[in-house]
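Architecture at a glance
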Amino acid sequence: MSTPDTIVLIHGFWVTPRSWEHWIAHYEKRGFRVLAPAYPGFEAEVESLNADPTPVEQVTVPQILESLETLVRGLDKPPVLIGHSAGGVFVQLLLDRGHGAAGVAINSAPTEGVAVVPLTQVKAAFPVLKNPANRHRAVGLTAEQWHYAFTNTFSEEESLALYERYAVPASGAIFWDSALATLRPGHQSTYVDYHNDGRAPLLFIAGEKDHLMPPKVQQSNARHYKSNTVTEVKEFAGRPHLLPAAPGWEEVADHALEWALAHAK
């Protein structure tokens, strides 16, 4: 078996591929080809998406998944898939569909059927879920809400700088659909086959201090997998939701890659 030579970094909601800027340079220095695709319509810079969030309002989970599948299918050999937050869901969906040599889901949002909802998660997601009308909008966070949800281990000054550099609105429709997925009959857009023995190995990485997707969510998501394929959870102490930019991100990036290479199929 040949070792993967490409890493695909999948961003989450409320951010863009810019959130991976440190990891891209870090992995490229190690000789890897690194791809950090944007969701359809998110190719614009952060500033442009904040000025006109229409692409955020229009994007859907099937569109995002289709664009990622097209990218991965076009590679010479299966890549390492690493996703943050909602990107962790897309890693799981891609693995379930037979893509990738190994996957890492960092502070991942839950796939369908994971019903654990810690209180900090309720508070962090409240700006979207407090108003059903948000299902038809792109919903941004205030600097204070961002600090609670993404950067609670940073000072207010540091958090504000990251907010101005990375933050964009998120799709209210996708958030609401995800929140209601477990209550609806039939499989929804974030469904994966937890008994799929054919998928590549999967590592969940949890930040101990994450308010938006706390470790309980990662642990519950991992326990749902009943297949014989490797599924593990690694928790990093003192880390917030915005792990790709938090102090010590190099340790997380190196652990994610070494695990993926050691378990790659």
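Our subject is the structure listed above.
Quantities reported herein were computed from a predicted structural model and do not represent experimental measurements.

Remarks on the nonpolar core
Ranked by internal contacts, the top residues of the largest apolar core, which has 53 residues, are I10, Y39, F90, W146 and F150. Of all the elements in the fold, those that place two or more residues in this core are β1 (6-10), α2 (46-51), α4 (61-73), α5 (86-96), α7 (143-149), α8 (156-166) and β7 (202-207). Per element, the largest residue contribution to this core is 7 residues, and it comes from α5. Excluding residues that lie within four positions of it along the chain, F150 makes contacts with F13, W14, V15, L141, L212, P240, H241 and L242. Core analysis: the next-biggest nonpolar cluster, separate from the first, contains 23 residues, I7, L9, W249 and A256 among them.

Thoughts on the pattern of salt bridges
Where side chains of opposite charge bring their charged atoms close, a pairing between them can arise. Tallied over the entire structure, the rule returns 8 salt bridges. A network of salt bridges, in which partner residues are shared, links R18, E45 and E47.

Observations concerning the packing of α4 against α5
The N-to-C vectors of α4 and α5 enclose an angle of 60°; their axes lie 11 Å apart at closest approach. As judged from the angle between their axes, α4 and α5 are oblique. As α4 packs across α5, the resulting crossing turns out to be right-handed. For the pair formed by α4 and α5, the contact residues are V61, I64, L65, L68 and E69 on the first element and F90, L93 and L94 on the second.

Remarks on the side chain of T111
Along the chain, the position of T111 falls in the loop between β4 (102-106) and α6 (119-129). Within polar-contact distance, the side chain of T111 engages the side chain of Q92 at 3.5 Å. Setting aside residues no more than four positions away along its own chain, T111 makes contact with V89, Q92, T190, V192, Y194 and N221.

Structural notes on the packing of aromatic side chains
Scanning the entire structure with this criterion turns up 10 aromatic pairs. Consider the rings of F13 and Y39, whose centres lie 5.8 Å apart with planes at 75°: the pair is edge-to-face. Here F13, found in the loop between β1 and α1 (21-29), pairs with Y39, found in the loop between β2 (33-35) and α2; they are 26 residues apart in sequence, far enough to count as distant. In this structure Y39 comes out as buried when scored by relative accessible area, which is 2%.

Describing the sheet that holds β2
Taking strand neighbours across the sheet as the criterion, the 6 strands line up as β2-β1-β3-β4-β7-β8 in an open arrangement whose pairing is parallel. Where the open sheet ends on each side, the last strands, each with one partner, are β2 and β8 (231-236). When the angles between neighbouring strand axes are averaged without regard to direction, this sheet yields 20°. Sheet contacts for helix α10 (residues 215-224): β4, β7 and β8; angle to β7, the most-contacted strand, approximately 165°.

Observations concerning the environment of A86
Checked against the element boundaries, A86 lands in helix α5. Exposure remark for A86: the relative accessible area of 5% places this residue in the buried category. Filtering out sequence-adjacent residues up to four positions away, A86 remains in contact with H11, G12, F13, Y39 and A109.

Each value, and the rule that gives it
Residues numbered from 1 in each chain as written. Predicted model: local features only at pLDDT ≥ 70, side-chain atom pairs only at ≥ 80, totals over all residues. Heavy atoms only, no water. Core = buried A, V, L, I, M, F, W, Y, C linked by side-chain atoms within 4.5 Å. Buried < 20%, exposed > 50% of the residue type's maximum accessible area, 1.4 Å probe, protein only. Helix = DSSP H or I, 4+ residues; strand = E, 2+ residues; numbered from the N terminus. Contact = heavy atoms within 4.5 Å. Salt bridge = Lys/Arg side-chain N within 4 Å of Asp/Glu carboxyl O. Axes fitted to C-alpha atoms, helices over the stretch in contact; angles between N-to-C directions. Parallel < 35°, antiparallel > 145°, perpendicular 65-115°, else oblique. Left-handed = near helix turned anticlockwise from the far one by under 90°. Polar contact = N/O pair within 3.5 Å; in protein donor to acceptor, adjacent residues only side chain to side chain. Phe/Tyr/Trp six-rings, centres within 6.5 Å; stacked < 30°, edge-to-face > 60°. Pairing = 2+ DSSP bridges.

Worth remembering: the numbers are spatial, not functional.
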